[in-house]
Amino acid sequence: MRILEVVLILLAGLAGAGAFAYIAWTKRLVHVWPKRGEINIVNPAGMFTGIAEVVFQTKVIANRPVVGIAHLFVFYGFVSFGAKSVTHVISKLAGLDHPIPLGPLDYLIDLFSVLVLLGVTFLAIRRYTVMRQRLTHMLESGIVLALIAGLMITYILERPWGGDLGIVGTGATINWWAHYLILCGFPSLIAYGKHFHLMVGPINVVLKHMVELPGDRPVPGADLDMGDEDDDEDEEAFEAELARVGMPNGVADFSFHTLFDPAACIECGRCNDACPSADAGLQPRDHFVLAFRDPSTDAEALAELAPPDIVSTCTQCRACDNVCPVGNRPSRAGLELRGRMTAEGVYPPRALKEGGGNPVSAAGNIFAADEEDRNTFIEENSIPFYDAEEHEVLFILGCQGSYSPDARPVVVATARLLEAAGVTYGVLEEETCWGEGLLHGGGLMEDWPFYKEEKVEVLSESLGEKHDRTILTICPHCRDNIGTQLSEAAKKFEKEPFTNVVSHVTFLLDLVKGGKLKVDKKAETLAVHHPCKTIHHDEVGAFDELLDLAGVTGKTAGKSPNVPACCGGGGGGFLWDSPAKVSKNRFTEIMEETQQKKIATGCPGCHRMLSVAKDEETELADVATLLHERISAK
């Protein structure tokens with residue numbers, strides 16, 4: 001009888017482990033594993049940040065503290081019961097009447113068993129009442145919660161409570177087997193459904209911190225090589241290249257991280273709640289994560305799961321990435337989706353082409369403005385042209401700094417501040433769009449292979465081939481395209497990347513703190529809109545410090561800057577009239593929550609979007625114009 005019992009225990013354990021391995025591999029990981037070589041560790045120290053986030057469950061608790069704490073109990077119950085489950089099995093194999101004691105850890109697990117039981121009870125009530133219409137996988141989740149409760153109850157029944165031993169005899173045997181069979185079957189259910197995040201989520205969180213540094217992301221497909229010749233061989237090579245950056249095989253063509261995220265997704269919907277384009281129908285969870293769960297989904301089916309018109313409303317603000325408790329980056333998948341859809345010819349929508357691609361192709365800037373207008377502006381404001389032998393800084397104006405009436409005062413203010421600090425600078429004699437809005441919007445893929453080479457050559461020649469020279473811009477969109485996309489392109493052309501591309505926010509702060517730029521504090525309270533790209537680049541501290549040095553007390557709205565609150569201009573949004581109307585929503589939020597009639601920002605894209613949305617009484621300012629008003633002894 002004893003041998004039979006041991007054999008049954010081993011068979012049940014092997015069956016459970018085998019079923020879990022089979023389901024996890026065939027349903028969740030078989031298509032992801034071959035792409036593991038795409039993991040590029042650029043921040044090894046991020047492992048410790050990621051581990052801390054997992055251990056303390058900071059993202060789980062953030063924004064939804066009550067639910068987060070309930071999940072925290074379940075998570076730690078899951079972890080702590082791992083050790084106890086081992087002793088549970090060993091005790092029976094050894095013929096012991098009770099599980100092997102773990103000393104003081106037993107009392108901690110006793111506490112967790114009660115907390116987990118309370119946690120799953122709360123989550124069950126919440127799921128099937130107030131959240132019934134919003135959450136997914138109701139039956140599966142109900143079974144999982146019931147099994148977790150079953151584990152807790154069977155554990156409690158075998159523990160010595162009040163000095164007495166737990167149940168004994170036949171009751172103890174039944175209780176042990178009930179506990180054990182749940183342990184054997186539970187992993188397979190987890191591997192099959194959304195609760196796989198319990199195992200994959202912690203890995204994804206750590207990976208997120210290790211594979212990205214603050215800043216912009218290389219745009220997938222931007223490395224498309226169109227070749228030089230028109231012969232048949234080159235035509236075949238081009239077709240292969242187009243297939244590489246497109247999606248002829250549908251979901252299966254996407255990158256490791258885009259395919260790994262669905263396995264980690266908890267389907268909580270926090271990304272949907274945070275999305276500024278939700279009013280236009282965009283749901284990052286559904287369109288940028290769950291749409292990639294089935295690797296057999298072809299391109300046509302994917303376009304139905306993530307319609308191009310809806311995908312186009314994504315502002316790439318990364319609020320969805322920021323709030324995800326399991327390390328997913330829906331915005332990254334959305335950026336890749338745009339690029340691959342463009343290669344397939346189903347993206348971007350016509351309005352985005354007409355708003356951005358067509359004007360740039362016609363005149364070299366997003367306004368389709370005459371270049372002479374830029375020259376007149378430069379001459380009237382005595383802004384010098386750049387000479388690599390004479391000037392320290394190449395000042396990039398961008399489309400908006402060159403032509404927009406809203407952004408030109410920022411250019412002039414920045415120029416006067418540089419002069420006051422004794423910084424020699426100059427601008428390019430000819431400057432066309434750097435393409436960030438188009439590339440991030442997905443609309444420049446067709447021209448980009450040639451466009452990027454031209455841009456790299458222009459910058460390289462202007463800088464005297466010294467790519468570590470300072471490139472300054474008032475536009476974080478230009479900064480990103482030069483510092484990330486063109487730097488990636490430069491490496492392809494066997495040149496050095498542009499390693500010192502800086503925003504005016506950071507550069508001006510260094511001048512003030514270094515004593516080169518003297519400003520007088522003038523007390524002023526106003527609303528502050530932190531540009532998303534300021535948040536992406538970890539420049540919020542610099543932005544706020546600069547305002548403080550100017551005497552400005554800023555009031556923020558929404559959850560910004562902890563969670564980006566987009567103006568609507570990101571991801572190509574400032575190029576067209578997006579149906580999301582994010583700018584109007586953001587302006588309304590700022591007005592209602594700050595009760596201020598002056599807004600400070602640090603991005604001409606934000607300035608432009610908020611200018612369109614604002615009322616006549618509200619004034620917009622940039623950090624540069626605020627500082628310029630306060631220059632000592634002007």
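Everything below is about the structure shown above.
Residues numbered from 1 in each chain as written. Predicted model: local features only at pLDDT ≥ 70, side-chain atom pairs only at ≥ 80, totals over all residues. Heavy atoms only, no water.

1. Thoughts on the overall build of the protein chain
Looking only at helices and strands, one finds 29 helices and eight strands in the protein chain. Each of the three principal axes of the protein chain carries a C-alpha extent, and together these read 100 × 70 × 40 Å. For the protein chain, with 634 residues in total, the buried portion stands at 55%. Within the protein chain, counting contacts between residues at least 6 apart in sequence, those at least 24 apart form 79% of the total. Across the protein chain, 56 positive and 85 negative side-chain charges occur, with their mean positions spaced 10 Å apart. (Helix = DSSP H or I, 4+ residues; strand = E, 2+ residues; numbered from the N terminus. Buried < 20%, exposed > 50% of the residue type's maximum accessible area, 1.4 Å probe, protein only. Contact = heavy atoms within 4.5 Å. Lys, Arg positive; Asp, Glu negative; His and termini not counted. Charge placed at Lys NZ, Arg CZ, Asp CG, Glu CD.)

2. Re the pairing of strand β7 (residues 598-601)
Neither face of β7 is exposed, since K598 and A600 on one face and I599 and T601 on the opposite face are all buried. Sheet topology note: the strand β5 (residues 524-528)/β7 ladder contains two bridges and is parallel. Paired with A527 across the strands is I599, a residue of β7. Taken together, the four bridges between β7 and strand β8 (residues 619-622) define a ladder with parallel strand orientation. Each bridged residue has a counterpart across the sheet, and for K598 the counterpart in β8 is E619. The parallel pair β7 and β8, bridged by helix α28 (residues 604-613), forms a crossover whose chirality is right-handed. (Pairing = 2+ DSSP bridges. Right-handed = clockwise from strand over helix to strand, strands pointing away.)

3. Considerations on the packing of aromatic side chains
Summed over all chains, the structure comprises seven aromatic pairs. The interplanar angle of 20° and the centroid separation of 5.2 Å between the aromatic rings of F256 and F260 together place this pair among those described as stacked. Residue F256 and its partner F260 are both found in helix α10 (residues 256-264); the two are separated by four residues, about one turn of the helix. Note on F256: relative accessible area 6%, which makes it buried. Pairing F395 with Y425 gives two aromatic rings, centres 6.2 Å apart and planes at 75°, and the pair type is edge-to-face. Of the two residues, F395 sits in strand β1 (residues 393-396) while Y425 sits in strand β2 (residues 425-426), which places them 30 residues apart along the sequence. The same class applies to F395 and to Y425, which are both buried. Site record: aromatic cluster; members linked through ring pairs are W176, W177 and Y180. Taking the ring centre of W176 as reference, the NZ or CZ of K92 above it sits at 5.5 Å. For K455, the ring lying beneath its charged end belongs to W434, and the centroid distance is 4.5 Å. (Phe/Tyr/Trp six-rings, centres within 6.5 Å; stacked < 30°, edge-to-face > 60°. Lys NZ or Arg CZ within 6 Å of the ring centre and 35° of its normal.)

4. Observations concerning the sheet that holds β8
Strand order in the open sheet formed by four strands is β6-β5-β7-β8, and the pairing between neighbours is parallel. Two strands bound the open sheet, and with one partner strand each, they are β6 (552-555) and β8. Across the sheet, the axes of successive neighbouring strands diverge by a mean angle of 40°, strand direction being ignored. Pairing between β5 and β6: four bridges, direction parallel. Directly across from E524, in β6, lies its bridge partner V552. (Axes fitted to C-alpha atoms, helices over the stretch in contact; angles between N-to-C directions.)

5. Looking at the nonpolar core
Counting 99 residues, the largest nonpolar core has F292, L337, I396, L459, I471, I482 and F498 as the members making the most contacts within it. If near-sequence neighbours (up to four positions away) are discounted, F292 is found in contact with V251, F254, T258, L259, P262, H287, L302, A333 and L337. V512, V528, V623 and L626 belong to the second-largest nonpolar core, a separate cluster that totals 43 residues. (Core = buried A, V, L, I, M, F, W, Y, C linked by side-chain atoms within 4.5 Å.)

6. Concerning a negative patch on the surface
A contiguous patch of negative charge, built from D370, E371, E372, E429 and E430, is present on the exposed surface. Along the chain, E429 turns up in the loop between β2 and α21 (436-441). (Patch = residues over 30% accessible without salt bridge, like charges linked within 9 Å, V, L, I, M, F, W, Y side chains within 5 Å. Areas by Shrake-Rupley, 256 points an atom, 1.4 Å probe, with all protein chains shown as cover. Salt bridge = Lys/Arg side-chain N within 4 Å of Asp/Glu carboxyl O.)

7. Topic: the sheet that holds β2
Within a sheet, neighbouring strands are paired by backbone hydrogen bonds and run either parallel or antiparallel to one another. Read from one edge of the open sheet, four strands run β2-β1-β3-β4, paired in parallel fashion. In this open sheet, the two edge strands, each paired with only one partner strand, are β2 and β4 (501-503). As paired elements, strand β3 (residues 470-473) and β4 share three bridges and run parallel to each other. Opposite I471, over in β4, you have V501 as the bridge partner. On top of the sheet, helix α23 (residues 476-492) reaches β1, β3 and β4; it is set at about 165° to β4, its chief contact.

8. Description of helix α26 (residues 540-549)
Those residues of α26 lying buried are V540, A542, F543, L546 and L547. Among the structural elements, α24 (504-513), β5, α25 (532-536), β6, β7 and α29 (623-628) are those in contact with the buried residues of α26. G551 lies just past α26 and shows a positive phi near 90°.

9. Side note on the pattern of salt bridges
It is possible for side chains bearing opposite charge to pair when their charged atoms get close. The tally for this structure, following the rule as stated, stands at 32 salt bridges. Its salt-bridge partner being D373, residue R408 comes within 3.3 Å of it at the nearest N-O pair. Separated by 35 residues along the polypeptide, R408 in helix α20 (residues 408-420) and D373 in helix α18 (residues 371-380) bring together distant segments of the chain. With a relative accessible area of 33%, D373 lands in the partly exposed category. Across the salt bridge formed by R374 and E431, the nearest N and O atoms sit 3.1 Å from each other. Highlighted residues: R374 in helix α18 and E431 in the loop between β2 and α21, separated in sequence by 57 residues. Owing to a relative accessible area of 0%, R374 belongs among the buried residues under this scheme. Owing to a relative accessible area of 6%, E431 belongs among the buried residues under this scheme. Residues joined by salt bridges that share partners form a network here, namely E436, R479, D480, K533 and E539.

10. Quick word on the state of the cysteines
The tally for this structure, following the rule as stated, stands at zero disulfides. C317 forms no disulfide, and the closest cysteine sulfur to it belongs to C532, at a distance of 5.0 Å. (Disulfide = S-S within 2.5 Å.)

11. Some remarks on a nonpolar patch on the surface
Taken together, the side chains of M1, I3, L4, V7, L8 and L11 define a hydrophobic patch exposed on the protein surface, amounting to about 670 Å² of accessible area. As for its position among the elements, I3 is in helix α1 (residues 2-29).

12. A look at the packing of helix α22 (residues 448-462) against α23
At a closest axis distance of 9 Å, the pairing of α22 and α23 adopts a crossing angle of 100°. As the angle between them shows, α22 and α23 are arranged roughly perpendicular. Residues W448, K452, K455, V456 and L459 of α22 form the contact with α23, whose own contacting residues are N481, I482, Q485, L486, A489 and A490. Residues that form the contact of α22 with α23 fall into these classes: seven nonpolar, two polar and two charged. (Parallel < 35°, antiparallel > 145°, perpendicular 65-115°, else oblique. Nonpolar A, V, L, I, M, F, W, Y, C, P; charged D, E, K, R; others polar.)

13. Digging into α18
Buried residues of α18: R374, F377 and I378, and no others. Angular distribution of buried residues about the axis of α18 spans 95°; they occupy a single face of the element. Looking at α18, the residues exposed on the side facing more than 90 degrees away from the buried face are E379 and E380. The distance from a side-chain oxygen at the start of α18 to the backbone nitrogen of E372 is 2.9 Å, and the residue carrying that oxygen is D370. The first or second residue beyond α18 is S382, which carries a positive phi of 50°. (Arc of directions from axis to C-beta. Polar contact = N/O pair within 3.5 Å; in protein donor to acceptor, adjacent residues only side chain to side chain.)

So far we have only geometry, and geometry alone does not tell us how the molecule works.
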